[in-house]
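Architecture and fold: a report
The lines below spell out each chain.
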Amino acid sequence: MRLLPTKENYVESLEHRVQKLEKLLKKHCPEVDLTIEEEGASDSEPSPHPAASPSPADSTPSQTSFIAPTSARLVRTSPLPAKLDDYETSDEDDVAIQNDIVEDLSRLSLDPVTRQYHGKSSGLMFVRTAMRLMDNPPSKTWPRPAGEASSEERTNERSKRDDWVEPLPQAELPPFEDFPPEDLMTDLISLFFSRLNVYTPLLHKPTFTEGLEKGQHLKDGGFGATVLLVCAIGSGFSDDPRVLMDGNGSKTSAGWKWFLQVEAARKSLMAPTRLYDLQICALMALFLHGTRFTQHIWTLTGLGVRKGLEVGAHRKQTGSSTLTVEDELRRRAFWVLVNLDWGFSHAFGRPHIIGDEDMDVPLPTECDDAYWMNGFQQPPGKPSQISYFNCYIRLSRIIAFATRTIYAIGRSRARFGNGDHLWRQRIVAELDSLLNQWADSVPDHLKWDPQRSDELFFRQSACLHAYFYLVQICVHRPFILPHHESPLSFPSLIICTNSARSCIRLLEQVNQRLGTPIAYNMVSVTGLCKDTMSNPP
């Protein structure tokens, strides 16, 4: 049996370690005058935190250092912080260190514009912080041994490229050539922006149109793939027979000729991530939505979210006060991918790749495309079309929370303190409270009104409230199973039934007014509500 060390042995070991430290300091830094430190250390010096000094009776080896009198000038006892946050760096410090890492890595990269994100737990963040302390110590200037290079000089030395380094093969997507005819492409792009982008605002139409006019889609494979996928999605709303596969008259083949071009193109997995990579993943997932290949959306969105994490799309940008077009497009693309990941993770019963607590990126700016060049300022009194998407994201947050709590496996539940038999009731009560808060926060132009004159806001409102009913059903659905006896069973059955009926009535009103198929995003909502009523899982 191993005996615990006595207080005397513990003090002796510390004395021995401090003496060895003094010898090392004198050997490697002979210019350091230790006597100056001794003169400055007075026993009468007041403690900076007198209230935090532990009493002898309460002292433990983890809180109090037993130090030899000869070494008291070198080592001081620091009181425990009042809270754990005292150890954390500010967002501004994180951004400064992150920018240093990006600058250093850009010198080592074959692509200087590459930006890679490294969080607090990253080894690079730790090393960079240590290097900054070496170059700029917090108190007196720490003498650097003669001949030792600074961190900047060491970085420049490492950044020299070796002769054998060559550009990565397939670092970019190759240019595409087989685009739709000009007149058809114009129609398909118009359908995409009027039928899908108003619900899932991934792209900025003026910037997209400008790139087309300059012929950028013929030179840049990333933008060319984006254009092809926009045309593929627009084909789903077109009656033009040219959108169908050659020799196939089936409507289900619409757009596949352009989607398959992008799917067959390859780019090195080690190539730097560009904004187009995020947009391509999102567009491919949106195209597959409603096809018999829907199961691949979960994989595509996961890949896209990972690419976004690589470039720090999940973090707020505190280093710059000016929002650029590329910043806003990256923010839109990341939120579209996260929103799809949350939704389809729940639909497939799989864990999502990122939680709301893992990111602090703001929601998309509520400014319509036409006002981006005006400093992202929406005219006063004019509701923004983007408000719908932000409300949709807030609902998705609720369904993501439900997925990782009431739908989680046993071990995952333990993380949330779900140890007693009442945890389900508490979680459901919290989710119901969140849904009520969401309903109260919906802006006036998106509140449900069957007589609303603006058709776009009418469609957005209908889709939003249909999704609200779906989330309500998803929250209470686990408790309506016949073999699941719970105090929530009967109330949950009533809520699911009422939500399904309300959703059907809402969609019926939309169909009666418009006389056309419901909005693109409502397809899954209708199917899920129908399945829940007829055959609850």
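Reading the values: the criteria
Residues numbered from 1 in each chain as written. Predicted model: local features only at pLDDT ≥ 70, side-chain atom pairs only at ≥ 80, totals over all residues. Heavy atoms only, no water. Helix = DSSP H or I, 4+ residues; strand = E, 2+ residues; numbered from the N terminus. Buried < 20%, exposed > 50% of the residue type's maximum accessible area, 1.4 Å probe, protein only. Contact = heavy atoms within 4.5 Å. Areas by Shrake-Rupley, 256 points an atom, 1.4 Å probe, with all protein chains shown as cover. Axes fitted to C-alpha atoms, helices over the stretch in contact; angles between N-to-C directions. Parallel < 35°, antiparallel > 145°, perpendicular 65-115°, else oblique. Left-handed = near helix turned anticlockwise from the far one by under 90°. Nonpolar A, V, L, I, M, F, W, Y, C, P; charged D, E, K, R; others polar. Expected span 1.5 Å × (residues − 1). Polar contact = N/O pair within 3.5 Å; in protein donor to acceptor, adjacent residues only side chain to side chain. Salt bridge = Lys/Arg side-chain N within 4 Å of Asp/Glu carboxyl O. Core = buried A, V, L, I, M, F, W, Y, C linked by side-chain atoms within 4.5 Å. Phe/Tyr/Trp six-rings, centres within 6.5 Å; stacked < 30°, edge-to-face > 60°. Lys NZ or Arg CZ within 6 Å of the ring centre and 35° of its normal. pLDDT = per-residue confidence, 0-100.

With that settled, the discussion passes to the overall build of the protein. Looking only at helices and strands, the protein has 19 helices and 0 strands in total. Residue burial in the protein is summarised as follows: out of 537 residues, 42% are buried. Taking the intrachain contacts of the protein between residues at least 6 apart in sequence as the baseline, contacts between residues at least 24 apart amount to 70%. For the protein, the accessible area works out to roughly 30,500 Å², and carbon and sulfur atoms hold 55% of it.

Time to look at the packing of helix α10 (residues 256-264) against helix α11 (residues 275-288). Interaxial distance between α10 and α11 falls to 12 Å at its minimum, and their mutual angle equals 140°. It follows from the interaxial angle that α10 and α11 lie oblique. Crossing of α10 over α11 shows left-handed handedness. Each of Trp-256, Phe-259, Val-262 and Glu-263 in α10 lies in contact with α11, whose residues at this interface are Ile-280, Met-284, Phe-287 and Leu-288. Split into classes, the residues belonging to the contact of α10 with α11 amount to 7 nonpolar, no polar and 1 charged.

Taking 1.5 Å of rise per residue, 22 residues should cover 32 Å, and helix α17 (residues 455-476) covers 32 Å from first to last C-alpha, within 8% of that figure. The buried fraction of α17 amounts to 20 of the 22 residues, a majority that puts the element mostly inside the structure. The opening residue of α17, the one whose side-chain oxygen lies 3.1 Å from the backbone nitrogen of Leu-456, is Asp-454.

Following the criterion strictly, the structure yields 17 salt bridges and no others. Between Asp-240 and Arg-242 there is a salt bridge; the shortest N-O distance is 3.0 Å. Arg-242 sits in the partly exposed class, given a relative accessible area of 34%. Where Asp-369 meets Arg-332, a salt bridge forms, and the shortest distance between an N and an O atom there is 3.1 Å. Of the two residues, Asp-369 sits in the loop between α13 (325-348) and α14 (387-403) while Arg-332 sits in helix α13, which places them 37 residues apart along the sequence. Residue Arg-332 is classed as buried on the basis of its relative accessible area of 0%. Taken together, the salt bridges that share partners define one network made up of Glu-172, Asp-220, Lys-267, Arg-274 and Asp-277.

Within the largest apolar cluster, 104 residues are counted, with the highest numbers of intra-cluster contacts made by Phe-208, Phe-334 and Trp-335. Among the elements that take part in this core, α17 stands out by supplying 12 residues, more than any other. Counting residues in each nonpolar core, the second largest holds 5 residues, with Leu-329, Cys-367, Trp-372 and Phe-376 among its members.

Time to look at α13. Over its 24 residues, α13 runs 34 Å from end to end, which matches the ideal 34 Å to within 8%, given 1.5 Å per residue. With respect to burial, α13 is a largely interior element, 17 of its 24 residues being buried. One or two steps after α13, the chain reaches Gly-349, where phi turns positive at roughly 70°.

For the structure shown, the criterion picks out 17 aromatic pairs. Ring plane angle 75° and centroid distance 5.2 Å describe the contact between Trp-256 and Phe-259, whose orientation is recorded as edge-to-face. Of this pair, Trp-256 and Phe-259 both sit in helix α10, 3 residues apart, which is roughly one turn of that helix. Just as Trp-256 is buried, Phe-259 falls in that class too. With a relative accessible area of 14%, Trp-256 lands in the buried category. The rings of Phe-192, Phe-193, Phe-208, Phe-223 and Tyr-276 are connected pair by pair, giving a single aromatic cluster. Sitting over the face of the ring of Trp-298, Arg-350 holds its NZ or CZ atom 4.9 Å from the ring centroid. The cationic tip of Arg-513 hangs over the ring face of Phe-458; the distance from NZ or CZ to the ring centre is 4.1 Å.

Within the secondary structure, Gln-460 sits in helix α17. Using a relative accessible area of 0% as the deciding quantity, one classes Gln-460 as buried. Filtering out sequence-adjacent residues up to four positions away, Gln-460 remains in contact with Val-198, Tyr-199, Gln-385, Tyr-388 and Leu-446.

This paragraph deals with unusual backbone geometry. Residues other than glycine seldom take positive phi values, yet Phe-376 does so here, at roughly 55°. Structurally, Phe-376 can be placed in the loop between α13 and α14.

This part takes up the side chain of Asn-197. Within the secondary structure, Asn-197 sits in the loop between α6 (182-195) and α7 (205-213). When residues no more than four places from it in sequence are discounted, the contact partners of Asn-197 are Phe-192, Leu-202, Leu-203 and Asp-369.

Moving on, we come to the packing of α11 against α13. Close contact between α11 and α13 brings their axes to 9 Å; oriented N to C, the two are set at 35°. Judged by the twist between their axes, the crossing of α11 over α13 is left-handed. Side by side, α11 and α13 meet where Leu-275, Leu-278, Gln-279, Cys-281, Ala-282, Ala-285 and Leu-286 of the first sit next to Glu-326, Leu-329, Arg-330, Ala-333, Val-336, Leu-337 and Leu-340 of the second. Its residues assigned to classes, the contact of α11 with α13 comprises 11 nonpolar, 1 polar and 2 charged.

For the rest of this paragraph, the subject is the confidence of the model for the protein. Residue-level pLDDT values for the protein average 77, and 64% of them are 70 or greater. The low-confidence segment residues 36-89 (pLDDT under 50) makes 41 contacts with residues lying over four places distant or belonging to another chain. In this model, residues 519-537 is a region of pLDDT below 50 whose contacts with residues beyond four sequence positions or in other chains number 36 contacts.

On to the environment of Phe-479. Mapped onto the elements of the fold, Phe-479 is located in the loop between α17 and α18 (489-514). Along the chain, Phe-479 and Phe-490 lie 11 residues apart, while their C-alpha atoms are 8.3 Å from each other.

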